[in-house]
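Given next are the chains, with one letter for each unit.
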Amino acid sequence: MAGNQNNTPESNESGRLPGVLEVDGKTIEFPPVQATCGDQGIDVSKLRNQTGLVALDPGFSTTASCTSKVTFIDGGKGILRYRGYPIDQLAHHSSFLEVAYLLIRGELPTPSQLDEFVRRVKRQRLLHEDFRAFFTAFPSNGHPMAILQGGIAGMATYYEETFADVHDPELQDIQAVQLLAKVPTMISYIAKRAAGLPLLYPDNERSYVEDFIRLTFGLPYQAYDIDPAIIRALEVLFILHADHEQNCSTSTVRLVGSSNANMYASVAAGVGALSGPLHGG
């Protein structure tokens with residue numbers, strides 16, 4: 001699409017020109033889309049209806065698949081923002097669960113809201129005993145991403161409300177908390193079984209990240225004190241990887257979810273996408 005030099009259209013309120021395409025002597029305008037950050041856009045959603053043509057963009061390298069208020073990333077310039085907050089501010093001043101709350105709810109929590117959110121996550125960290133045994137059915141040397149994908153998909157069999165209205169905000173919130181709570185426990189069990197070591201139960205007296213380390217590397221017959229610097233380093237790593245815009249796995253989750261599949265099925269599909277060596281797609 002390019003501007004028509006012989007018949008320049010009027011600009012919109014933002015001062016940007018619409019995209020113009022000439023097909024069979026007919027000039028068609030596509031409205032500009034103002035971006036909060038980064039590249040501006042052109043809305044070509046009516047291209048096929050108006051022209052009978054489709055846009056070919058292998059790899060979606062020049063196509064924005066949605067509008068989003070969640071994340072902005074420009075790797076070349078070293079920019080990453082969650083809900084408008086620069087990542088360096090969040091990494092220096094926030095916990096991972098505080099950032100998770102921000103990404104899910106759209107704003108940073110108050111102290112009381114954060115306390116309640118942390119309590120909810122802690123209450124969900126245990127796995128059902130039958131589900132815990134589910135992991136012993138996999139080979140101990142199985143690929144960890146394949147086991148994790150199976151575990152997340154299997155969560156749908158333990159919660160009857162899973163197949164209720166997937167658009168119910170309350171149900172979405174419950175499932176988001178369950179995933180935040182149970183996935184670290186699953187990962188620790190996968191690691192423990194691969195090493196042939198005994199599994200531990202979560203300890204709600206410890207922080208989210210601290211207890212993940214204990215679950216993964218601790219032993220039931222030894223005290224396990226963890227260097228606070230290591231805990232904070234992993235916390236920052238979790239924050240930095242909490243969201244990365246429309247990469248391969250995120251797009252996969254959205255595509256599966258668009259069929260009204262439940263959240264566990266959608267996230268499990270994203271884990272499958274993430275398991276590939278080109279996780280960015």
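Cut-offs used in this document
Residues numbered from 1 in each chain as written. Predicted model: local features only at pLDDT ≥ 70, side-chain atom pairs only at ≥ 80, totals over all residues. Heavy atoms only, no water. Core = buried A, V, L, I, M, F, W, Y, C linked by side-chain atoms within 4.5 Å. Buried < 20%, exposed > 50% of the residue type's maximum accessible area, 1.4 Å probe, protein only. Helix = DSSP H or I, 4+ residues; strand = E, 2+ residues; numbered from the N terminus. Contact = heavy atoms within 4.5 Å. Polar contact = N/O pair within 3.5 Å; in protein donor to acceptor, adjacent residues only side chain to side chain.

A. Here's a closer look at the nonpolar core. The biggest cluster of nonpolar side chains holds 24 residues, and the ones touching the most others in it are Tyr 82, Phe 117, Val 121 and Tyr 208. Secondary-structure elements contributing two or more residues to this core are β6 (79–82), α2 (87–93), α3 (96–105), α4 (111–123), α7 (169–195), α8 (208–217) and α9 (228–240). Considering every element that reaches this core, the biggest residue donor is α3, with seven residues. If we ignore the near neighbours within four places in the chain, the residues touching Phe 117 are Leu 97, Ala 100, Tyr 101, Ile 104, Val 177 and Leu 180. In this structure, Ile 147, Ala 156, Tyr 264 and Ala 268 belong to the second largest nonpolar core, which totals 17 residues.

B. Up close: the side chain of Lys 182. Counting through the fold element by element, Lys 182 comes out in helix α7. In this structure Lys 182 comes out as buried when scored by relative accessible area, which is 4%. Only 2.7 Å separates the side chain of Lys 182 from the backbone oxygen of Leu 126, close enough to count as a polar contact. A distance of 3.3 Å separates a polar atom in the side chain of Lys 182 from a polar atom in the side chain of Tyr 159. Apart from residues no more than four positions distant in its own chain, Lys 182 is found in contact with Gln 124, Leu 126, Leu 127, Met 155 and Tyr 159.

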